[in-house]
Amino acid sequence: MEHASINLSHLAKSYRKHEAVKDLNLEVNKGELFGFLGPNGAGKTTTIKMLTGLLEPTSGSAQINGIDIWKSPLKAKEKIAYVPDQPNLYPKLTGWDYLEFVASVFRIPNSQFQSKANELLKVFSLTDQANDLIESYSHGMKQKIAICGALMSHPDVLFMDEPTVGLDPKSARTLKNLLRELCDGGMTVFLSTHILEIAEQMCDRVGIIFEGDIIALGTMNELKREDHAGESLEDIFLELTGGEDQQAIISEISDDGDAK
Ligand SMILES: Nc1ncnc2c1ncn2[C@@H]1O[C@H](COP(=O)(O)OP(=O)(O)OP(=O)(O)O)[C@@H](O)[C@H]1O
Ligand SMILES: [Mg+2]
């Protein structure tokens, strides 16, 4: 039987008494570009950390290609790559050395490493900085070298937490196009984002998480059909996650200002 690429079954995480993620059930299929949206503190990073084997679920399970990430972590982790929201890179390595290190971990033959690294550096305009120390990189450059590292091993499933934060428009566009191509080639991508435009433009399906629950799930067309005809993803998102209340408060604050 063909397994879903990513399968979450009753996945939950509590930090002491606080239920950060509650009973998530979700399947993401091979080749899908899945967008995980939600306001600050909704549980996105917590979920991604459970799916990548970094944070143990309080209950429930997660599988990658049918392999339980907590029961067979090594086997499952061979299949995945993860770009965290704050990449923790080795500051005293050059970009090139970092990619070489990743290649050695994944036992990628040297000839293959060379061409792959050059390709990735070129696509993200990092070729000229490849021999500089990572500590000298800007935030966006660090993010890009982390993305290059994640793609070195050509993972089956790629997790990215807020991948476009820190990227300039050209790099964000490059990433968007690259992810689309990789998914068309069969890679599965699970990314979290606050940038609704990106989700709307590039994701095959989106899930909106709010206070640890998935409160909406589907393609853009499906989300728009459910009482949201003609609305943008931003409208739908704010409606579902209560952003409209804030708008009322903002109006009130600015009215106060006018009264003075
Ligand atoms: N190590 C921790 N200890 C205690 N509570 C935590 C911890 N990490 C996260 N939380 C709580 O869990 C909830 C979900 O946090 P999480 O980081 O998963 O949110 P997020 O959706 O990634 O938010 P953001 O968009 O700001 O990145 C929040 O209420 C947060 O305060
Ligand atoms: Mg987060």
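Residues numbered from 1 in each chain as written. Chains lettered and ligands numbered in written order. Predicted model: local features only at pLDDT ≥ 70, side-chain atom pairs only at ≥ 80, totals over all residues. Heavy atoms only, no water.

- As named in an unreviewed UniProt entry, the chain is ABC transporter, taken from Lentibacillus kapialis.

### Points about unusual backbone geometry
Now for step 1: Its identity is not glycine, yet Arg107 carries a phi of approximately 55°, on the positive side.
Now for step 2: Along the polypeptide, Arg107 turns up in the loop between helix H3 (95-105) and helix H4 (110-123).
Now for step 3: A positive phi angle, near 55°, is found at Glu162, a position not held by glycine.
Now for step 4: Structurally, the position occupied by Glu162 is in the loop between strand E7 (157-161) and helix H6 (169-184).
Now for step 5: Judged by relative accessible area, which is 9%, Glu162 ranks as buried. (Helix = DSSP H or I, 4+ residues; strand = E, 2+ residues; numbered from the N terminus. Buried < 20%, exposed > 50% of the residue type's maximum accessible area, 1.4 Å probe, protein only.)

### What to know about the nonpolar core
Now for step 1: Leu99, Ile145, Met152, Leu158 and Leu179 are the most contacted members of the largest nonpolar core, which has 52 residues in total.
Now for step 2: Viewed by domain, this core spans two of them, domain 1 (1-79 + 157-219) and domain 2 (85-154), each represented by three or more residues.
Now for step 3: Residues in contact with Ile145, not counting those within four places in the same chain, are Leu89, Gly95, Tyr98, Leu99, Leu121, Leu126, Ile134 and Tyr137.
Now for step 4: Ranked by size, the runner-up nonpolar core spans 24 residues in total, among them Leu11, Leu24, Ala42 and Ile64. (Core = buried A, V, L, I, M, F, W, Y, C linked by side-chain atoms within 4.5 Å. Domains from an automatic or database assignment. Contact = heavy atoms within 4.5 Å.)

### Concerning the packing of aromatic side chains
Now for step 1: On inspection of all chains with the given rule, the structure shows six aromatic pairs.
Now for step 2: Note on Tyr90 and Phe101: the rings are 5.4 Å apart at their centroids and 80° apart in plane angle, and the pair reads as edge-to-face. Here Phe101 lies in helix H3 and Tyr90 lies in the loop between strand E6 (80-83) and H3, a separation of eleven residues in the sequence.
Now for step 3: The class for Tyr90 is partly exposed, based on a relative accessible area of 44%.
Now for step 4: Accessibility expressed as a relative area gives 36% for Phe101, which makes it partly exposed.
Now for step 5: Taking the centre distance of 5.6 Å and the plane angle of 50° together, the rings of Phe159 and Phe190 count as tilted. In this pair, Phe159 sits in strand E7 while Phe190 sits in strand E8 (residues 188-193), placing the two residues 31 residues apart along the sequence.
Now for step 6: Note on Phe190: relative accessible area 0%, which makes it buried.
Now for step 7: Each residue in the set Phe34, Phe36, Phe159 and Phe190 is aromatic and connected to the rest through ring pairs, giving one cluster. (Phe/Tyr/Trp six-rings, centres within 6.5 Å; stacked < 30°, edge-to-face > 60°.)

### Some points on the sheet that holds strand E3 (residues 33-37)
Now for step 1: Spatial strand order, E6-E7-E8-E3-E9-E10: six strands in an open sheet with mixed pairing. The open sheet has two edge strands, E6 and strand E10 (213-218), and neither has a second partner. On average, each strand axis in the sheet is tilted by 15° relative to the strand beside it, whichever way the strands run.
Now for step 2: The pairing of strand E9 (residues 205-210) with E10 spans five bridges and is antiparallel. Its bridge partner being in E10, Phe210 is matched across the sheet by Asp213.
Now for step 3: Along the sheet face, helix H5 (residues 139-152) touches E6 and E7 and points at about 175° away from the line of E6. (Pairing = 2+ DSSP bridges. Axes fitted to C-alpha atoms, helices over the stretch in contact; angles between N-to-C directions.)

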